[in-house]
Each structure stands twice: as structure tokens, then as C-alpha cells.
Amino acid sequence: MAADRFANSMSTALRHPGVIALIVAALTIAAMLIVDHGPWSRAKTQPAHVAMYATTGEAAHAAGAKVLPTEPKSPVEPERPGPKTSPTVNPVTP
């Protein structure tokens, strides 16, 4: 008889919206921790003397990325939209 009352009270408690929300929140936090801190998300680091590259293109090639050339800029740049700024009154000179 006591076991039936306990099972009935547990099933009633588990149907409460607050309990359901806590269970969903706990499962979400657990999933986030597994995804963010799992062994597959470790950074592939290199020592500083190995990772020295002269350009970002060299670094990208070393990482295995495909580097595409950028479009050249037009020799005539359009005017910047918005109000024109005034020159500084007291420019700081080192």
C-alpha cells in the first residue's frame, strides 16, 4: 500500500511543469558541457617558433584552407556617406 502511494506521488510530481523544466534544463546543460568540452573540441596548437608566418595566406595554407585572391579595389573610391568630420584642433604628436 505504501509503495503504491509513493509511486503515485512520484508520477504526480514528475508531471508538474516546474519539475519538467528542471529536468530539461539539466539535460541541456549536460549536453552543452559535453559538446563544448569533449575531446573532439581541443585546439590544435603549435609552439610559437613553429607557428610564425609572414602573411595570413601562409598561415591559412598551413592550416589547410583554400586561399582565394581578393578583388582589387577601384582607383576611385566613393565618398563616405554621412556628415563630414572636422579636423582635430590639437593633434597629439609623439
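Residues numbered from 1 in each chain as written. Predicted model: local features only at pLDDT ≥ 70, side-chain atom pairs only at ≥ 80, totals over all residues. Heavy atoms only, no water.

Colleague: Which parts of the structure should I look at to understand the overall build of the protein?
Modeller: Helices and strands together make up the secondary structure of the protein, namely three helices and zero strands. Listing the helices and strands of the protein from first to last along the sequence gives α-α-α. The buried share among the 94 residues of the protein stands at 2%. A total accessible area of about 9,200 Å² is found for the protein, and carbon and sulfur atoms account for 68% of it. (Helix = DSSP H or I, 4+ residues; strand = E, 2+ residues; numbered from the N terminus. Buried < 20%, exposed > 50% of the residue type's maximum accessible area, 1.4 Å probe, protein only. Areas by Shrake-Rupley, 256 points an atom, 1.4 Å probe, with all protein chains shown as cover.)

Colleague: Help me out: how do you make sense of the UniProt feature "transmembrane region" (unreviewed entry) in the protein in this one?
Modeller: Residues given the UniProt feature "transmembrane region" (unreviewed entry) here are residues 18–35. In the segment residues 18–35, helix accounts for 100% and strand for 0%; the C-alpha atoms at its two ends are 26 Å apart. (UniProt positions renumbered as here; feature names shortened; annotations may be inferred.)

Colleague: Sorry if this is basic, but what is going on with a nonpolar patch on the surface here?
Modeller: A contiguous nonpolar surface patch, about 370 Å² in accessible area, is contributed by Met10, Leu14, Ile23 and Leu27. Only α1 (2–14) and α2 (17–37) provide two or more residues apiece to the nonpolar patch. In this fold, methionine 10 is placed in helix α1. (Patch = residues over 30% accessible without salt bridge, like charges linked within 9 Å, V, L, I, M, F, W, Y side chains within 5 Å. Salt bridge = Lys/Arg side-chain N within 4 Å of Asp/Glu carboxyl O.)

Colleague: Just to check I follow, could you spell out the confidence of the model for the protein for this structure?
Modeller: Regions with low pLDDT should not have their predicted coordinates read in detail. When pLDDT is averaged across the protein, the result is 78; 82% of the residues are at 70 or more. The element-level mean pLDDT for the protein is lowest in α1, coming to 75, with α2 highest at 90. (pLDDT = per-residue confidence, 0-100.)

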